[in-house]
Amino acid sequence: MNARLVSLKLGVTIAAGLYFLRCAWDPTSWHFIDGVNLIIHEAGHVVFSPFGDFLRIAGGSLFQVMVPAVFAGYFFFQRQPYSAYLVLFWVGESLLNVSVYAGDAIAMNLPLLGGSEMIHDWNYLLTHLGALHATPQIAGTIRAIGTLLIIAATIGAIKNSYAHEQH
């Protein structure tokens, strides 16, 4: 691999890393990828609807994280780790997005698609699990995992940028 390609990969990685670390710093801000996350989230409710109310409602957040994770897994399986690391940024940011929704389970201040008569997914889920009182801890854990994935993606992509140079 030539030095120019290494420099390009490093530039993309640093730009993506900084952008997604900024997302981790303030996950409540709207980010360009959140529109895609929202569409996938809503599709998840439909995909999981045959499995009962609990999974239909959980399916939005599950699908929102699963879709980019499947893409990352595909790239790892295809031995394209740099591409996988770039998609892993999306997995991390999607988890950040879910953490904001989960964190709103008690206050229920976030606007819901469809208006106020809609069910707040995380209020429903945590209430049914008897864990509504643990909302801050659950949201914080989801946020920490998302942030760690973004950090891991940054480190992995940087290392992979140099991997072929050393051979």
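Quick summary incoming for the structure in this document. Because the structure is predicted, anything quoted here is derived from the model rather than measured.

1. Focus on the overall build of the chain
Part 1: Scanning the chain from N- to C-terminus turns up six helices and zero strands.
Part 2: In sequence order, the chain lays out its α and β elements as α-α-α-α-α-α.
Part 3: Overall size of the chain, expressed as C-alpha extent along the three principal axes, is 55 × 30 × 25 Å.
Part 4: Looking at the 167 residues of the chain, the share that counts as buried comes to 43%.
Part 5: Side-chain charges of the chain comprise 7 positive and 9 negative groups, with the mean position of each set lying 18 Å from the other.

2. Some details on the packing of helix α1 (residues 3-25) against helix α6 (residues 135-163)
In a pair of packed helices, the angle between the axes and the distance between the axes together describe the arrangement.
Part 1: Packing of α1 against α6 leaves a shortest axis separation of 9 Å and a crossing angle of 170°. If you check the angle between α1 and α6, you find them roughly antiparallel. In contact with V6, K9, L10, T13, G17, F20, L21, A24 and W25 of α1, α6 contributes R143, T147, I150, I151, T154, A157, I158, N160, S161 and Y162.

3. Things to note about the packing of helix α3 (residues 53-77) against helix α5 (residues 121-128)
Part 1: Running from N to C, α3 and α5 point in directions that differ by 130°, and their axes come no closer than 9 Å. Classified by the angle between their axes, α3 and α5 sit oblique to one another. By crossing handedness, the relation of α3 to α5 is classed as left-handed. In contact with D53, F54, I57, A58 and S61 of α3, α5 contributes D121, W122, Y124, L125 and H128.
Part 2: Across the contact of α3 with α5, the residue classes break down as six nonpolar, two polar and two charged.

Criteria and cut-off values
- Residues numbered from 1 in each chain as written.
- Predicted model: local features only at pLDDT ≥ 70, side-chain atom pairs only at ≥ 80, totals over all residues.
- Heavy atoms only, no water.
- Helix = DSSP H or I, 4+ residues; strand = E, 2+ residues; numbered from the N terminus.
- Buried < 20%, exposed > 50% of the residue type's maximum accessible area, 1.4 Å probe, protein only.
- Lys, Arg positive; Asp, Glu negative; His and termini not counted.
- Charge placed at Lys NZ, Arg CZ, Asp CG, Glu CD.
- Axes fitted to C-alpha atoms, helices over the stretch in contact; angles between N-to-C directions.
- Parallel < 35°, antiparallel > 145°, perpendicular 65-115°, else oblique.
- Contact = heavy atoms within 4.5 Å.
- Left-handed = near helix turned anticlockwise from the far one by under 90°.
- Nonpolar A, V, L, I, M, F, W, Y, C, P; charged D, E, K, R; others polar.

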